[in-house]
Amino acid sequence: MALLVAVLAALQWVRLDVLRVEAVREPGTVLLVPAGPGDTFALAFIHSVERSVVRDFFRIDEGGRLVLYGTEFRSSNAGLPSALAPGETLTRGEGTFRISGMHRAMEEVSLWVGDASGNRLTIHGVDYDLPGLAGEALLRIRPGTSTAAEYLFFTIGHRGTRHERKITKG
């Protein structure tokens, strides 16, 4: 028993870099994923007018900020990007447009999620259903730190309730 107490106490001192997804109106962490400088993730949603999937690509920089470095979409109609900033390029692939060379740094991303928008967060090859995790909610996504104990207890407490699927290339 003493060993368990010592291990739990030690876990309070170990810090992890994480990507934290929090509900804003009813505060609470809905997702905690190990992620630090250099790690990338994508946010996807169904555009409300075009009804097509839009993906935004982010990187965590050395300063702990989120950097939007690219976006991908299926059409260039209402409400979708139509102009490029200096240094950005637009390429057309099979059925998609992609803007790369973006560098928009921010501390966090806030977004409303809901089933109709199909909001997804993909990181480390795992795709998370944000409305499945939080319901219809305003979420805040930001890099930060967590104690190993917080991460362990969060993971144990959410086992079996996570709305995720492993992405396989095929």
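The following paragraphs examine the structure supplied in this document. Throughout, a residue's number is its position along its own chain's written sequence, starting from 1. Confidence filtering applies because this is a predicted model: local features only for residues at pLDDT of at least 70, side-chain atom pairs given and counted only at 80 or more, and all residues used for totals across whole chains, interfaces and linings. With hydrogens and water stripped out, all remaining heavy atoms of the structure feed into the side-chain values.

### Digging into the overall build of the protein
Convention followed: Under the scheme used here, helices are H or I runs from DSSP no shorter than 4 residues and strands are E runs no shorter than 2 residues, and both carry numbers assigned from the N terminus. Exposure is judged per residue with a 1.4 Å probe applied to protein chains only, and the accessible area is read against the type maximum: over 50% gives exposed, under 20% gives buried, and values in between give partly exposed. By the convention used here, residues are in contact when the closest approach between their heavy atoms is within 4.5 Å. What sets the accessible areas is the Shrake-Rupley method with a 1.4 Å probe; for residues, cover comes only from the shown protein chains.
The number of helices and strands found in the protein is three helices and twelve strands. Counting every position in the protein, which comprises 170 residues, the buried fraction comes to 38%. In the protein, the proportion of contacts linking residues at least 24 apart, taken out of those at least 6 apart, comes to 59%. Of the roughly 9,700 Å² of accessible surface on the protein, a fraction of 56% belongs to carbon and sulfur atoms.

### Regarding the packing of aromatic side chains
Aromatic rings in a pair are described by how distant their centres are and how their planes are angled relative to each other. The line we're drawing: We call Phe, Tyr and Trp rings a pair once their centres come within 6.5 Å, taking the six-membered ring for Trp, and we label the pair stacked below 30 degrees between planes, edge-to-face above 60, and tilted otherwise. For a ring to carry a charge above it, either NZ of a lysine or CZ of an arginine must fall within 6 Å of the ring centroid while also lying within 35 degrees of the normal to the ring plane.
Tallied over the entire structure, the rule returns three aromatic pairs. Pairing Phe 41 with Phe 58 gives two aromatic rings, centres 5.1 Å apart and planes at 10°, and the pair type is stacked. Taken together, the positions of Phe 41 in strand 3 (residues 40-46) and Phe 58 in strand 4 (residues 53-60) put the pair 17 residues apart, joining distant regions of the chain. For the pair formed by Phe 41 and Phe 58, the shared burial category is buried. With a centroid separation of 6.3 Å and an interplanar angle of 45°, the aromatic rings of Phe 57 and Tyr 69 are classed as tilted. Here the residue Phe 57 occupies a position in strand 4, and Tyr 69 occupies one in strand 5 (residues 66-73), the gap between them amounting to twelve residues. Given a relative accessible area of 12%, Phe 57 falls into the buried group. Looking at Arg 98, its charged tip hangs above the ring of Phe 57, at a distance of 4.1 Å from the centre.

### Concerning the environment of Phe 58
The buried category is assigned to Phe 58, whose relative accessible area is 4%. Here the alpha-carbon distance between Phe 58 and His 103, two residues 45 residues apart in the chain, equals 9.4 Å. Among all residues touching Phe 58, those that are not within four sequence positions of it are Asp 39, Thr 40, Phe 41, Leu 43, Leu 66, Val 67, Leu 68, Tyr 69, Met 106 and Val 109.

### Here's the deal with the nonpolar core
As a reminder of what qualifies: Here, nonpolar core refers to any group of buried Ala, Val, Leu, Ile, Met, Phe, Trp, Tyr and Cys residues whose side-chain atoms link them within 4.5 Å.
Core analysis: the largest hydrophobic core is formed by 30 residues, its most contacted members being Leu 19, Phe 41, Leu 121 and Ile 141. Beyond its immediate stretch of four places on either side in the chain, Leu 121 contacts Leu 19, Val 21, Phe 41, Ala 42, Leu 43, Val 126, Asp 127, Tyr 128, Leu 130 and Ile 141.

### Points about the pairing of strand 8 (residues 109-113)
For clarity, the threshold we go by: Here, strands pair whenever DSSP counts at least two bridges between them.
Side-chain alternation along strand 8 places Val 109, Leu 111 and Val 113 on a buried face and Ser 110 and Trp 112 on a face that remains uncovered. Note that strand 8 and strand 11 (residues 137-147) share five bridges and pair antiparallel. In the sheet register, Val 109 faces strand 11, and the bridge partner there is Ile 141.

### A few points about the pattern of salt bridges
Test applied: Take a side-chain nitrogen of Lys or Arg and a carboxyl oxygen of Asp or Glu: if they are within 4 Å of each other, that pair is a salt bridge.
Taken as a whole, this structure holds ten salt bridges when the rule is applied. For Glu 72, the salt bridge goes to Arg 55, with nearest N and O atoms at 3.5 Å. On the criterion of sequence distance, the pair formed by Glu 72 in strand 5 and Arg 55 in strand 4 is long-range, its members being 17 residues apart. The buried category is assigned to Glu 72, whose relative accessible area is 16%. For Arg 55, a relative accessible area of 32% translates into the label partly exposed. For the salt bridge of Glu 72 with Arg 98, the shortest nitrogen-to-oxygen distance reads 3.7 Å. Of this pair, Glu 72 sits in strand 5 while Arg 98 sits in strand 7 (residues 97-106); the two residues are 26 residues apart in sequence, bridging distant segments of the chain. Taken together, the salt bridges that share partners define one network made up of Glu 22, Glu 108, Arg 140 and Arg 142.

### Here we look at a nonpolar patch on the surface
As a reminder, the rule being used: Within this analysis, patches are made of residues with over 30% relative accessible area and no salt bridge. Like charges are joined at 9 Å or less; nonpolar side chains (Val, Leu, Ile, Met, Phe, Trp, Tyr) at 5 Å or less.
A cluster of nonpolar side chains, Leu 152, Phe 153 and Ile 156, forms an exposed patch at the surface whose accessible area comes to about 280 Å². Within the element layout of this structure, Leu 152 appears in helix 3 (residues 148-157). Judged by its relative accessible area of 34%, Leu 152 falls in the partly exposed class.

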